[in-house]
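# Tertiary structure, described
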Amino acid sequence: MSAAVAGAEAMFLLVPGSGEHLDTERIIGTAADAGVRRLVLLSSLGAATRSGSVSHGPLAQLEKLVQGSGLDWTVLRPGDFASNAFAWAPSVRAERTVHAPFGDVALPAVDPSDIAEVAAAALVDDGHAGRTYALTGPAAVSPRDRTQALAEALGVPLTFAELTREEARAGMLAYIPEHVVDGTLAILGEPLPEEQAVSPDIETVLGRPARSFADWARRNAAAFAA
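Residues numbered from 1 in each chain as written. Predicted model: local features only at pLDDT ≥ 70, side-chain atom pairs only at ≥ 80, totals over all residues. Heavy atoms only, no water.

## Brief notes about the overall build of the protein chain
Rule in force here: Numbering goes from the N terminus for both helices and strands, where a helix is a DSSP run of H or I of at least four residues and a strand is a run of E of at least two. We compute the radius of gyration over the C-alpha atoms and compare it with the globule rule, which gives 2.2 Å times the number of residues raised to the power 0.38. For every residue, the accessible area obtained with a 1.4 Å probe (protein chains only) is divided by the maximum for its type, and the residue is called buried under 20%, exposed over 50%, and partly exposed between those limits. To measure how exposed things are, a 1.4 Å probe is used in the Shrake-Rupley method; for residues, cover is taken only from the protein chains shown. As used throughout, the charge tally considers Lys and Arg to be positive and Asp and Glu to be negative, leaving His and the chain termini uncounted. To locate a charge, take NZ of a lysine, CZ of an arginine, CG of an aspartate or CD of a glutamate.
Per the secondary structure count, the protein chain includes 12 helices and six strands. Relative to the 2.2 N^0.38 estimate, which gives 17 Å for 226 residues, the radius of gyration of the protein chain is 18 Å and therefore close to what a compact globule would have. Scored against the burial criterion, the 226 residues of the protein chain give a buried share of 45%. Accessible surface, the protein chain: about 10800 Å² in total, of which carbon and sulfur atoms supply 53%. Of the side-chain charges in the protein chain, 17 are positive and 28 negative, and the distance between the mean point of each set is 2 Å.

Encoded structure:
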């Protein structure tokens, strides 16, 4: 770690999963000792809306650690990622079908490219120290509507097949820890008003509107093409 941060002035911190099982305090201390003075943390909107939950509580604690580090910190709190739709690619290619739960529950999915641009600004530009940014897309869009946007990007009709919560949970457990699965399904199925709200922070930082899910679908259509 010391060699990795030698000569660096800023660090982007991304932890696995929900932020558990990682000696983050020592990582931050090692970076500070090496001369890092600017720290940008990728957290989650759930760290604010569900700070007491098993799934997002560790990220809330990580935010406090970063905020108390003595460095010039910036916290990024994205909500639902547009790129989660990549999970649909195999069934879209094979069946022209999207399988997802909560077909009509809308969330303002954020384009990861927007997260990256905000992170870059916070890492290299002044004026972001001590700021927490909620990162969302420009509108809340349901899985059913995202399927339609993807169909338009591909130029082919797609079918939306709604999964039950139990079916979705079984599939997610294959690659996500159980407590994270349950926390994710809670947001996808019963989002709080704050989790469905559109944030102006991307436009505030970048000086342009956040990219839409339809824009993300057009740029990534090749991943879904048969």
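Here the narrative resumes, following the displayed structure.
## Some details on unusual backbone geometry
At Arg96, a residue that is not glycine, the phi angle is positive and equals roughly 55°. With respect to the helices, strands and loops of the structure, Arg96 is situated in the loop between helix H5 (89-95) and strand E4 (97-101). Positioned with a positive phi, Phe102 is a non-glycine residue whose angle comes to about 55°. Looking at where Phe102 falls in the secondary structure, it is placed in the loop between E4 and helix H6 (112-124). Overall, Phe102 belongs to the buried group, its relative accessible area being 14%.

## Brief notes about helix H9 (residues 178-189)
What counts here: The span you would expect from a helix comes to 1.5 Å times its residue count less one. Whether two residues are in contact is decided by their heavy atoms, any of which lying within 4.5 Å being enough.
For H9, which comprises 12 residues, the first-to-last C-alpha distance of 16 Å matches the rise-based estimate of 16 Å (1.5 Å per residue) to within 8%. Of all the residues in H9, the buried ones are Val180, Val181, Gly183, Leu185, Ala186, Ile187 and Gly189. Where H9 is buried, its residues meet helix H8 (165-172) and helix H10 (193-196).

## Considerations on the pairing of strand E3 (residues 72-78)
Looking down a regular strand, the side chains alternate between one sheet face and the other. Stated precisely, the cut-off is as follows: Here, a strand pair is defined by DSSP locating no fewer than two bridges between the strands.
With six of its seven residues buried, E3 lies for the most part within the structure. Taken together, the five bridges between strand E2 (residues 38-42) and E3 define a ladder with parallel strand orientation. Bridge pairing in E3 links Arg38 to Asp72. As paired strands, E3 and strand E5 (residues 131-135) are joined by five bridges and run parallel to one another. Among the inter-strand pairings, Val75 is bridged to a residue of E5, identified as Thr132.

Any functional reading would require information beyond the geometric quantities listed.
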